Amino acid sequence: MKKDRIDYRNIRTLQELQYHRRLLSSRIDHQEIMVMYKLRCVWEFISPSNLFNMGCRAIASYSPSFSFLYRSVEFLKGFIKRRRVSD
């Protein structure tokens, strides 16, 4: 085991990932760093609001009436955000 291993959990950007991949010596290390980076991206994206939004989009793709309701709500959310920014 390497004594001077980098803590891959702290990698935040794709540029850092590519830089550290060049420093690694083995293929297993390359795979490990890529898996850690992808898991970090997934865990940062998961939130109750994102999961709810993904579920609503999935339902809207199958139901025309729910699609109309979902698009209306999204339009109102965007409209309210634009009004807040302009005020």
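Use the structure listed above.
Per chain, the residues get numbers from 1 upward, laid out in the order the sequence is written. For a predicted model such as this one, the threshold for reporting local features is a pLDDT of at least 70, and the threshold for listing and counting side-chain atom pairs is 80 or more; totals across whole chains, interfaces and linings nevertheless cover every residue. The basis for the side-chain values is all heavy atoms of the structure; hydrogens and waters are excluded.

Examining the overall build of the protein chain
Then, number 1: Of the regular secondary structure elements, the protein chain holds four helices and zero strands.
Then, number 2: Under the DSSP-based scheme used, a helix requires at least four consecutive residues in state H or I and a strand at least two consecutive residues in state E, with every element numbered from the N terminus. When the helices and strands of the protein chain are read in sequence order from the N terminus, they spell out α-α-α-α.
Then, number 3: By the burial criterion, 14% of the 87 residues in the protein chain qualify as buried.
Then, number 4: Whether two residues are in contact is decided by their heavy atoms, any of which lying within 4.5 Å being enough. By sequence separation, contacts in the protein chain at least 24 residues apart represent 35% of the contacts at least 6 residues apart. For every residue, the accessible area (1.4 Å probe, protein chains only) is compared with the maximum for its type, and the residue is labelled buried under 20%, exposed over 50%, or partly exposed between those bounds.

Regarding the packing of helix H3 (residues 48-62) against helix H4 (residues 64-86)
Then, number 1: With axes taken as lines fitted to C-alpha atoms, and helix axes fitted only over the stretch in contact, angles between N-to-C directions fall between 0 and 180 degrees. Closest axis-to-axis distance for the H3/H4 pair is 6 Å, and the angle between their directions is 135°. Overall, the two elements H3 and H4 adopt an arrangement that is oblique. For the pair H3 and H4, the crossing hand works out as left-handed. For the pair H3 and H4, contact is made by Asn-53, Cys-56, Arg-57, Ile-59, Ala-60 and Tyr-62 and by Pro-64, Phe-66, Ser-67, Tyr-70 and Glu-74, respectively. Roughly parallel means an angle under 35 degrees; roughly antiparallel means over 145; roughly perpendicular covers 65 to 115; every other angle is labelled oblique. By definition, any crossing whose near helix is turned counterclockwise from its far helix by less than a right angle is left-handed, and any crossing with a clockwise turn is right-handed.

Notes on the packing of aromatic side chains
Then, number 1: Side-chain rings of Phe, Tyr and Trp (the six-membered ring for Trp) are treated as a pair once their centres are within 6.5 Å; stacked means planes under 30 degrees apart, edge-to-face means over 60, and tilted covers the remaining angles. One pass over the full model with this rule turns up one aromatic pair.
Then, number 2: Aromatic side chains Phe-75 and Phe-79 sit 6.3 Å apart centroid to centroid with 20° between the ring planes, which places their arrangement in the stacked category. Of this pair, Phe-75 and Phe-79 both sit in helix H4, four residues apart, which is roughly one turn of the helix.
Then, number 3: Since its relative accessible area comes to 39%, Phe-79 is described here as partly exposed.

Considerations on the pattern of salt bridges
Once their charged atoms are close, side chains differing in charge can pair, the charge on each being opposite to the other.
Then, number 1: A pairing counts as a salt bridge when a side-chain nitrogen of Lys or Arg comes within 4 Å of a carboxyl oxygen of Asp or Glu. In this structure the tally under the stated criterion is one salt bridge.
Then, number 2: A salt bridge links Lys-77 to Glu-74, with the nearest nitrogen and oxygen atoms 3.3 Å apart. One end of the pair is Lys-77 and the other is Glu-74, both in helix H4 and three residues apart, which spans about a single turn.
Then, number 3: Residue Lys-77 is classed as partly exposed on the basis of its relative accessible area of 40%.

Things to note about the environment of Arg-71
Then, number 1: Here Arg-71 lies in helix H4.
Then, number 2: A relative accessible area of 54% places Arg-71 in the exposed class.

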